[in-house]
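One letter stands for each residue in the lines below.
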Amino acid sequence: MFAWVWALVVGFLLVHIAYLWLGERIAPDTDILALLPVQERDPVLQQAFNRMVDSAQQRLIVLVGADDWAQANRAADAYNRVLAHHPDLLQSTDPMTDHRDWLALFQSHRLNLLTPQAEADLRSQPKQYWVDIALAKLYSPFAGVQLGAWRDDPFGLFGRWVQARAQETPVRPRDGRLFVGDGRRQYVVMPFTLRVPAFSMAAQQAVIPLLEQARQAAHKAVPQVEVVAAGVILYAAAAGAQASLELSTIGFGSLLGIIVLMWVTFHSLKSIALVMLSIGIGCLGALSVCWLLFERIHLLTLVFGASLIGGAQDYGTYFLCNRIAPDTSALDSWQLLRRLLPALVLTLVTTVIGYMGLALTPFPGLRQMAIFSAMGLIFAWLTVVFWFPILVLTGTLKSARVVNWCAISLERWPLLRLQRSGLWVAGLFIVFIVFGFSRLGVQDDIRLLQNPPKNLIDDQIKLGKLLDAPTPAQFYIVRGATSEVVLQREEMLKERLDPLIEKHVISGYQALSNWVPSSRAQAAGRNLIDQTLLNANGPLAAVAARIGEDAKWVAATRAHLRATSSSLTPGEFLKTPASEPWRHLWLGEVDGGHGSIVALRGLTHGSLPLLQHAGTGLDGVQWVDKVGEISSVLGRYRKYMSWVVLLSYFAVYGLLYPRYRSRTWRVLAPTALASMATLALLGMAGQNLQLFHVLALMLLLGVGVDYGIFLHEHPSRRDAIAWLAVGLSALSTLLSFGLLSLSKTPALQAFGLTMLIGTIMVWFIVPCFRNDPTHPSEYRTEP
Amino acid sequence: MKFWFMACSIVFASMPLWAAAPVAEIQSMLAKPKVLCGRFDQRKQLAGLKKPLASNGRFCVVADKGVLWRTLEPFPNTVRLTRDEIVQLQGDRVAMRLDAKQEPAVRMINGVLFALLAGDLGQIEKLFAVDSTIHDNSWRVTLKPHEPFLAKAISSIALDGGAYVKNITISEASGDRTSIVFSEIQTGAAAMSVDEAALF
């Protein structure tokens, strides 16, 4: 009956998977940020971060540099020629926008636009200073061709403002291209827009070889050329390629290992097929449920999920081992199942609890891994429970020689007794633990989550330096009831940042108020100009006297200047194409108010506390350090999960107590000791404790307790079947997680390594804690 | 951006000091001394001003070094253009300094200058349409910008001369107009005064 229901479920499962595979053509997600925690408490913060990331996602910037400009141009031409054949993948972003056009909007508001330095000069410089500037501009043959006629900007204030805006980037137009230099080399800057999604693996496989081809073409044109590229797609492609490789290594490695193990143990193809069936249904079930829940699946989930193969086979193996045991030959398969069910239920529950540790973290990627693994186990388990009794009939499997080896090894395995040798062992163990723990440091660095190839990081750093680009991970969020309030608050923040620029803590900032000052600031600027420069006895009148013009001319010029004093609003600016590079800074209406981002250029790690301090105490200003935040989340959860692990031991104890009573400690102790020993070994190996070690200990609890349960279900010392099940289970776990520990993602590596060491430890310690048959008081058979 | 336009204008202004035509003939008519100094008289007619503004001063062009442009009347103002920077001096005060490291236009100007000295007019032709006429020993050239963004600043530049440039007129899109007349040309090492040499 249940078997038929399960067949129906598996049928649905297959249809769903077939639909996903053939209909939806699903591909795993390679978004490198999927592992980062979501900021749930503050949607504005999350939105701001997304804005910063999204503005970069579809961009690719390539710098082609050589010793001189002509060579750089030649190399850039060669590079472009390759890409020009594929306008469907990459589109060159036209760098030569019309500079006069972006100025047109500001021209009509120029009396309101002042740099902070010009404002200070207006307050402090004498009249003669301004007269000199105006006259120099009048007579110089070179100063004429600037930003319009002399009388549009007689004191050069608007010119200074435009110059300040131009200096927000070191990139300059040159011969119809964009240029940047570092004193040593000259680079052609080529911005591209990706026409295909950066996180699509198909897109990555098309774009990456194309870029490599273009790079080679550039090298061929100019052998000593330097090509620096940066873009989200490069990271995504590197992460994707690495994860795909690991996925197949772990997947095929553990499958192969399990087939060999099954063959050696059971000498039957049927047993292999059965275990593969439970693993297969487990994996498909995991995939199906994950897709229903998340509507996507991350490639790293699959890498981690590949280690599931080792875990999912436990139940099938346990059943098969017991089927070949001599004392069960009288039972039919359903009776056997009934006898095994309590242990099977306990092992499933404890392991799922172990995986739930991952689900308790705020990292969406880890949650997905936890759900995937737990679902995989549940599906494999249900397959064993519903189908194996039907598929495995009495006497279809014979015990192999392995069972005898197991019996012998178990008999000779030392038992821990309360005597002199036992105390010595305990003493040495304590010394070992204390020493190992004392060497254990901690590490909560964001680099645990992703570890891109060094050349990509080098390129990114180089490009960031050359272009003086702002960092996407650290910035300020400014909030206010209206856009005017936001701009005013930005200006207050900038007043605090200006001294930091002078001290070279940062090289600059990007803010919308750089382009559109608050109405208050615009009014203050134009009043200051009016009072200082345009009054009846001011510099304008003095200039008139020097060039032989009269009071009428002064009045006409003043009126001409004042005609450009209407206030500029963010809305007006954001509508123009010129605002494109800055639009992501303006969050607009969010959360019942308005918000914006102030981004920083030329940031160094050491200056973070100073910058955090600069933002404190200002209304509506919030310092965001995504890197620091993630590190602190990692640290917080490392501590939090350590407690969860500890409490889980009590929970599992409670879960096991009704069945094992006074022997419960014997079931649990090997795992606890193995966990401690693992930590001590990690400490001695110079590893730093991180969240992922702790999460692995959580899973180790789930897996290790299984071994205790298996052995204590079969308390007889001669019963090798349980020991065989433990051995098979441990070997396949070692295989899966051992392969996971080869992962290049530090988090998965730490997880795999901990599981590898821990599982070996539990495996070897577990038989030491069997019941001591010389103490019959503890020997009690359970039904 | 301002500097870019300004830098361009310097190129255009200083360019005719050596040569100004793509035509090899004009090129061959020009003397190419190592040092060239002289007097300039400038008249500017600006939008919104009734009277033209007259000024005069001295200029020097030194091969491989750069240009010195000194306005002496009605008040002193000096612009020095060397390989790595453009400096504007108002009296002794540095009113403005443009570094080639920050503004590649500075290098471009020098590139154009040195290209001109070498007789390579490719750079000029890239930016301007050149229209030239020759009469006996004198020539006349009109330059009109190719690039729309330059055309919005400059409508045309006209120059004429013989062995040296004699006149230059810059007509800006805004209606402002600058005419410069060169005279008292001297060449050779002695052409430059001691204080001028000190300014380089």
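Residues numbered from 1 in each chain as written. Chains lettered and ligands numbered in written order. Predicted model: local features only at pLDDT ≥ 70, side-chain atom pairs only at ≥ 80, totals over all residues. Heavy atoms only, no water.

A.B. asks: Describe the overall build of chain A, naming the residues involved and giving the relevant values.
C.D. replies: Summing up its helical and strand segments, chain A has 29 helices and 13 strands in all. Taken against the 2.2 N^0.38 rule, which gives 28 Å for 783 residues, the C-alpha radius of gyration of chain A at 35 Å runs more than 25% over that of a compact globule. Taking the principal axes of the C-alpha coordinates as reference, chain A spans close to 125 × 55 × 50 Å. Per-residue burial for chain A yields a buried fraction of 57% across its 783 residues. By sequence separation, contacts in chain A at least 24 residues apart represent 82% of the contacts at least 6 residues apart. (Helix = DSSP H or I, 4+ residues; strand = E, 2+ residues; numbered from the N terminus. Rg over C-alpha atoms; globule rule 2.2 N^0.38 Å. Buried < 20%, exposed > 50% of the residue type's maximum accessible area, 1.4 Å probe, protein only. Contact = heavy atoms within 4.5 Å.)

A.B. asks: Break down the overall build of chain B for me, with residues and values.
C.D. replies: When helices and strands are tallied, chain B shows 6 helices and 11 strands. Each of the 200 residues in chain B was classed as buried or not, and the buried ones make up 55%. Roughly 8,200 Å² of accessible area belongs to chain B as shown, and the carbon and sulfur atoms make up 51% of that amount. (Areas by Shrake-Rupley, 256 points an atom, 1.4 Å probe, with all protein chains shown as cover.)

A.B. asks: Tell me what's going on with the pairing of strand β4 (residues 77-82) of chain B, and back it up with residues and numbers.
C.D. replies: Residues and elements named next belong to chain B. Of all 6 residues in β4, 6 are buried, a share of seventy percent or more. Judged by which residues are buried, β4 turns out to be covered on both faces: Asn77, Val79 and Leu81 on one side and Thr78, Arg80 and Thr82 on the other are all buried. In the sheet, strand β3 (residues 66-73) pairs with β4 via 6 bridges, with the strands oriented antiparallel. Along β4, the bridge assignment pairs Gly66 with Thr82. Linking β3 to β4, which pair antiparallel, is a turn of 3 residues. By the bridge criterion, 4 bridges tie β4 to strand β5 (residues 85-90) in an arrangement that is antiparallel. Bridge pairing in β5 places Leu81 opposite Ile86. Adjacent in sequence and paired antiparallel, β4 and β5 are bridged by 2 residues. (Pairing = 2+ DSSP bridges.)

A.B. asks: Which residues make up the packing of aromatic side chains, and what values go with them?
C.D. replies: Aromatic ring pairs are defined here through the distance separating the ring centres and the angle between the ring planes. All names here are of chain A. Applying the stated criterion across every chain yields a total of 31 aromatic pairs over all chains. Note on Tyr476 and Trp623: the rings are 5.0 Å apart at their centroids and 55° apart in plane angle, and the pair reads as tilted. With Tyr476 in strand β8 (residues 470-480) and Trp623 in strand β12 (residues 621-625), this residue pair connects regions lying 147 residues apart in the sequence. In this structure Tyr476 comes out as buried when scored by relative accessible area, which is 0%. Looking at Trp623, the relative accessible area reads 15%, which means it is buried. (Phe/Tyr/Trp six-rings, centres within 6.5 Å; stacked < 30°, edge-to-face > 60°.)

A.B. asks: If you had to explain the sheet that holds β4(B) to someone new, which residues and values would you point to?
C.D. replies: Residues and elements named next belong to chain B. The strand order across the open sheet formed by 11 strands is β6-β5-β4-β3-β2-β1-β11-β10-β9-β8-β7, and the pairing between neighbours is antiparallel. Sheet topology places β6 (93-99) and β7 (128-135) at the edges, where each strand pairs with a single neighbour. The sheet shows a mean angle of 15° between the axes of neighbouring strands, taken without regard to direction. (Axes fitted to C-alpha atoms, helices over the stretch in contact; angles between N-to-C directions.)

A.B. asks: Outline the pattern of salt bridges, supporting the account with residue identities and numerical values.
C.D. replies: Two side chains carrying opposite charge are able to pair once their charged atoms lie near each other. Residues and elements named next belong to chain A. Using the criterion set out here, one finds 17 salt bridges over all chains in the structure. Where Arg177 meets Asp77, a salt bridge forms, and the shortest distance between an N and an O atom there is 2.8 Å. With Arg177 in strand β4 (residues 177-181) and Asp77 in helix α3 (residues 69-84), this residue pair connects regions lying 100 residues apart in the sequence. Overlapping salt bridges bring together Arg185, Glu226 and Lys462 as one network. (Salt bridge = Lys/Arg side-chain N within 4 Å of Asp/Glu carboxyl O.)

A.B. asks: An account of the state of the cysteines is requested, with residue identities and associated values reported.
C.D. replies: All names here are of chain B. For the structure shown, the criterion picks out 1 disulfide over all chains. A sulfur-sulfur distance of 2.0 Å marks the disulfide that ties Cys37 to Cys60. Its torsion about the S-S bond being 110°, the disulfide of Cys37 and Cys60 is classed as right-handed. Highlighted residues: Cys37 in strand β1 (residues 35-45) and Cys60 in strand β2 (residues 53-62), separated in sequence by 23 residues. (Disulfide = S-S within 2.5 Å.)

A.B. asks: So, unusual backbone geometry: which residues are in play, and what are the values?
C.D. replies: Following B:Glu73, the chain continues to B:Pro74 via a peptide bond in cis, the omega torsion being 5°. Mapped onto the fold, B:Pro74 is located in the loop between β3 and β4. Even without a glycine there, the phi angle at A:His267 is positive, about 50°.

A.B. asks: Describe helix α16 (residues 420-438) of chain A, with residues and values.
C.D. replies: Residue and element names in this part refer to chain A. In this model, α16 (19 residues) spans 27 Å end to end at C-alpha, consistent with the 27 Å of a helix rising 1.5 Å per residue. The complete set of buried residues in α16 reads Gly422, Ile433 and Gly436. The buried side chains of α16 occupy one side of the element, clustering within an arc of 70° when seen end-on. Facing away from the buried side of α16 by over 90 degrees, the exposed positions are Arg420, Leu423, Trp424, Leu428, Ile430, Val431, Val434 and Ser438. (Expected span 1.5 Å × (residues − 1). Arc of directions from axis to C-beta.)

A.B. asks: Give a description of helix α17 (residues 454-467) of chain A that names residues and reports values.
C.D. replies: Residues and elements named next belong to chain A. Compared with an ideal rise of 1.5 Å per residue, which puts 14 residues at 20 Å, α17 spans 20 Å between its outermost C-alpha atoms and is within 8% of the ideal. When α17 is considered as a whole, its buried residues turn out to be Leu456, Asp459, Leu463, Leu466 and Leu467. Projection of α17 onto a plane perpendicular to its axis shows the buried side chains occupying an angular sector of 100°, all on one side. In α17, the exposed residues that point more than 90 degrees away from the buried face are Lys454 and Lys465. In this fold, the buried residues of α17 make contact with β1 (59-66), β4, β5 (186-194), α8 (201-221), β6 (226-231) and α9 (232-266). Looking at the residues trailing α17, positive phi occurs at Asp468, about 50°.

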